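Structural overview for review
Below are the chains, spelled out letter by letter.
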Amino acid sequence: MADWIRRSMLAGLAAFFAAALPVSVAGAQSPLKVVATTGMIADAARQIGGDLVEVRALMGPGVDPHAYRQTRTDILAMTRADLVLWHGLYLEAQMEDFMHSLGARRTVVAVAEELPRNVLLAHDDYENRYDPHVWMDPDLWSKVVVSVRDALIAARPEGEALFRANAESHLDDVAALSDYAKQVLATVPEETRVLVTAHDAFNYFGRAYDFEVLGIQGISTQSEAGLNRVSELVDTLVKRRIGAVFVESSVSDRNMRALIEGAAAKGQDVTVGGQLFSDAMGRDGTYEGTYIGMIDHNVTTITRALGGEAPERGMLSRLAVGS
Ligand SMILES: [Zn+2]
């Protein structure tokens, strides 16, 4: 149905109910319109907001936030939203200027910018900026969930009790995920605790679970991977006998193929340990299309590929087999 038809129908219904019912009836208010840039932020807003919010994510599965630029439809949605949530920390590099100017007209909150600087990681090739991939550590992400909750409360104070209750239950799930990750990743043998990925999205993961993390590209997928970086990593794979590397759902596997071929030419057999969700979640409507499912998938895939022990279908037995 065209948006304008739906809107006018809703307006008609609202007028009907306003005439028929006392104004104070709970639920008469229309849902808070929230637009979130990444799927992870949208998921938090949905978990917390329940029926009181209507959430739209701009970046779907497989979309790279470092490269994403807002479309005309996105701009329309954001200018009509009651609340716009974005990540910040230069994750949405191409949208930065637009978001700042939108902030003058709309309520716009950069949820990851609210993290204290002392918990953030810096990076050599990323001067004066912090690594934005904080969702890779559930303990850190739980602080972002709290920022999402507070932004919803500020935008719709009448929903405070519900938002707080939903957030508490979601935070319990995130804490359980954190416990699961610690438990299964600890079973990965010391010598194979090396995570080789397409770009440097896993440094918070590495810090939280004591893994060495090596990305072919830097913090942003916008930086080109030099041939030097590929041959340097080939040498590392060969020297340390690393047998598995990981591709990412939102990044091309071209560099990874070059890496595997380079290692093979030097006699080191390297397999793809699986596809990880680095900067985008799995398909909409699936378990992997939620924050919990995304991280469960990554943790379970990494653990099993690098010689540790984790149930094939993950923490809640909900992972798609062979995903
Ligand atoms: Zn990234």
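Here is what the cut-offs are and how they apply
- Positions within a chain are numbered from 1, following the residues in the order the chain's sequence is written.
- Thresholds applied to this predicted model are a pLDDT of at least 70 for local features of residues and 80 or more for the giving and counting of side-chain atom pairs; totals over whole chains, interfaces and linings are not thresholded and use all residues.
- Calculation of side-chain values draws on the structure's entire complement of heavy atoms; hydrogens and water are dropped beforehand.
- The helix and strand labels rest on DSSP assignments: H or I over at least four residues marks a helix, E over at least two residues marks a strand, and numbering proceeds from the N terminus.
- The globule rule used for comparison is 2.2 Å times the number of residues to the exponent 0.38, while the radius of gyration itself is calculated over C-alpha atoms.
- Using a 1.4 Å probe on the protein chains alone, a residue whose accessible area is under 20% of its type maximum counts as buried, one over 50% counts as exposed, and one in between counts as partly exposed.
- What makes two residues a contact is simply this: any of their non-hydrogen atoms within 4.5 Å.
- Each accessible area is a Shrake-Rupley estimate made with a 1.4 Å probe; only the visible protein chains count as cover when residues are assessed.
- Counted as positive: Lys and Arg. Counted as negative: Asp and Glu, with His and the chain ends omitted from the count.
- We put the charge of a Lys on NZ, of an Arg on CZ, of an Asp on CG and of a Glu on CD.
- Expected span of a helix: the number of residues minus one, times 1.5 Å.
- Working note: the arc is built from the helix axis to C-beta atom directions.
- Strand pairing is assigned whenever DSSP detects at least two bridges linking the two strands.
- Note on geometry: axes are C-alpha line fits, over the in-contact stretch for helices, and angles between N-to-C directions span 0 to 180 degrees.
- When describing relative orientation, an angle under 35 degrees is termed roughly parallel and one over 145 degrees roughly antiparallel, while 65 to 115 degrees is termed roughly perpendicular and anything else oblique.
- When residues are grouped by polarity, Ala, Val, Leu, Ile, Met, Phe, Trp, Tyr, Cys and Pro land in nonpolar, Asp, Glu, Lys and Arg in charged, and all others, Gly among them, in polar.
- Any carboxyl oxygen of Asp or Glu that lies within 4 Å of a side-chain nitrogen of Lys or Arg is treated as forming a salt bridge with it.
- Any nitrogen, oxygen or sulfur atom within 2.8 Å of a metal ion counts as a donor, with the limit raised to 3.2 Å for Na, K and Ca, and since water is left out, coordination shells can look unfinished.
- Geometry assignment treats four donors as tetrahedral when all angles are between 85 and 135 degrees, treats four as square planar and six as octahedral when opposite donors are over 155 degrees apart and all others between 65 and 115, and treats everything else as irregular.
- Working definition of a nonpolar core: buried Ala, Val, Leu, Ile, Met, Phe, Trp, Tyr and Cys residues. They are joined through side-chain atoms within 4.5 Å.
- Orient the strands so they point away from the viewer, and a crossover whose first-strand-to-second-strand path over the helix runs clockwise is right-handed.
- Each residue carries a pLDDT score, the predictor's own confidence in it, on a scale running from 0 to 100.
- N or O atoms within 3.5 Å of each other form a polar contact, as long as, within protein, one can give a hydrogen and the other can take it, and as long as residues adjacent in sequence are counted only when both atoms are side-chain atoms.

Let's shift gears to the overall build of the chain. Of the regular secondary structure elements, the chain holds 10 helices and eight strands. Relative to the globule expectation of 20 Å for 323 residues, the C-alpha radius of gyration of the chain, 21 Å, shows essentially globular dimensions. Dimensions along the principal axes, computed over C-alpha positions, put the chain at roughly 80 × 40 × 40 Å. Taken across its 323 residues, the chain has 49% of its residues classed as buried. Nonlocal contacts in the chain, meaning residues at least 24 apart in sequence, comprise 66% of its contacts between residues at least 6 apart. Of the accessible surface of the chain, which amounts to about 15,400 Å², a share of 51% is contributed by carbon and sulfur atoms. Positive and negative charge centroids in the chain, built from 30 and 43 side chains respectively, lie 5 Å apart.

Between its first and last C-alpha, helix α8 (residues 227–240) extends 20 Å over 14 residues, near the 20 Å set by a 1.5 Å rise per residue. All of the buried residues along α8 are Val 230, Leu 233, Val 234 and Leu 237. The arc that holds the buried residues of α8, viewed along the axis, is 110°, so those residues lie on one side. The exposed residues of α8 that point more than 90 degrees off its buried face are Asn 228 and Lys 239. Contacts from the buried residues of α8 go to β5 (194–199), β6 (212–217), β7 (244–248) and α9 (254–265).

We now examine the sheet that holds strand β3 (residues 83–86). Note: strands within a sheet are paired through backbone hydrogen bonds, in either parallel or antiparallel orientation. In space, the four strands of this open sheet follow the order β2-β1-β3-β4, with parallel pairing throughout. In this open sheet, the two strands that pair with only one neighbour each are β2 (53–57) and β4 (108–110). Sheet twist, expressed as the mean angle between neighbouring strand axes with direction ignored, is 20°. Inspection of the sheet shows β3 paired to β4 by three bridges, in the parallel sense. Bridging from a neighbouring strand, Trp 86 pairs with Ala 110 of β4. Along the sheet, helix α5 (residues 138–155) makes contact with β1 (32–36), β2, β3 and β4, crossing β3 at roughly 165°.

At their nearest, the axes of helix α2 (residues 39–49) and helix α6 (residues 160–185) sit 7 Å apart, and the two run at 120° to each other. As the angle between them shows, α2 and α6 are arranged oblique. Between α2, through Asp 43, Gln 47, Ile 48 and Gly 49, and α6, the contact on the second element is made entirely by Leu 162, Phe 163, Asn 166, Ala 167 and His 170. Its residues assigned to classes, the contact of α2 with α6 shows four nonpolar, four polar and one charged.

A few words on the pattern of salt bridges. Counted by the stated rule, this structure contains eight salt bridges. The salt bridge partner of Lys 182 is Asp 139, with a shortest N-O separation of 3.3 Å. Taken together, the residues span a long stretch of sequence, with Lys 182 in helix α6 and Asp 139 in helix α5 at a distance of 43 residues. Judged by its relative accessible area of 42%, Lys 182 is partly exposed.

Right, let's talk about the coordination of the zinc ion for a bit. The reference angle at a metal is 109.5 degrees if four donors form a tetrahedron and 90 or 180 degrees if six donors form an octahedron. Listed as protein donors to the zinc ion are His 66 (NE2), His 133 (NE2), His 199 (NE2) and Asp 279 (OD); their distances from the metal cover 1.9 to 2.0 Å. Classification of the site at the zinc ion as tetrahedral follows from its four donor atoms and the range of 93 to 124° in their angles at the metal. On the primary sequence, the residues serving as donors to the zinc ion are separated as H-x66-H-x65-H-x79-D. A residue pair is termed long-range when its members are at least 10 positions apart, and His 66 in the loop between β2 and α3 (72–80) and His 133 in the loop between β4 and α5 qualify at 67 residues.

Moving on to the nonpolar core. Grouped together as the largest cluster of nonpolar side chains are 65 residues, with contacts concentrated most on Leu 85, Val 134 and Phe 205. Filtering out sequence-adjacent residues up to four positions away, Val 134 remains in contact with His 87, Leu 89, Ala 112, Leu 115, Leu 120, Leu 140, Trp 141, Val 144 and Tyr 204. Val 230, Val 234, Leu 237 and Val 245 belong to the second-largest nonpolar core, a separate cluster that totals 17 residues.

Our next topic: the pairing of β5. The buried fraction of β5 amounts to six of the six residues, a majority that puts the element mostly inside the structure. Looking at chain direction, β5 and β6 are connected through five bridges and run parallel. Looking across to β6, one finds that Val 196 is bridged to Leu 214. In this region the chain leaves β5, passes through helix α7 (residues 203–209) and returns to the parallel neighbour β6; the handedness of that crossover is right-handed.

For the rest of this paragraph, the subject is the confidence of the model for the chain. Scored by pLDDT, the chain comes out at a mean of 91, with 90% of its residues at no less than 70. This model gives residues 9–25 a pLDDT under 50, and the stretch forms one contact once residues within four places in sequence are excluded.

This part covers the side chain of Ser 250. Note that Ser 250 resides in the loop between β7 and α9. The exposure class assigned to Ser 250 is buried, which follows from its relative accessible area of 9%. Reaching out from Ser 250, the side chain makes a polar contact with the side chain of Ser 278 at a distance of 3.4 Å. Setting aside anything within four residues of it in sequence, one finds Ser 250 in contact with Gly 62, Val 63, Asp 64, Ser 278, Asp 279 and Ala 280.

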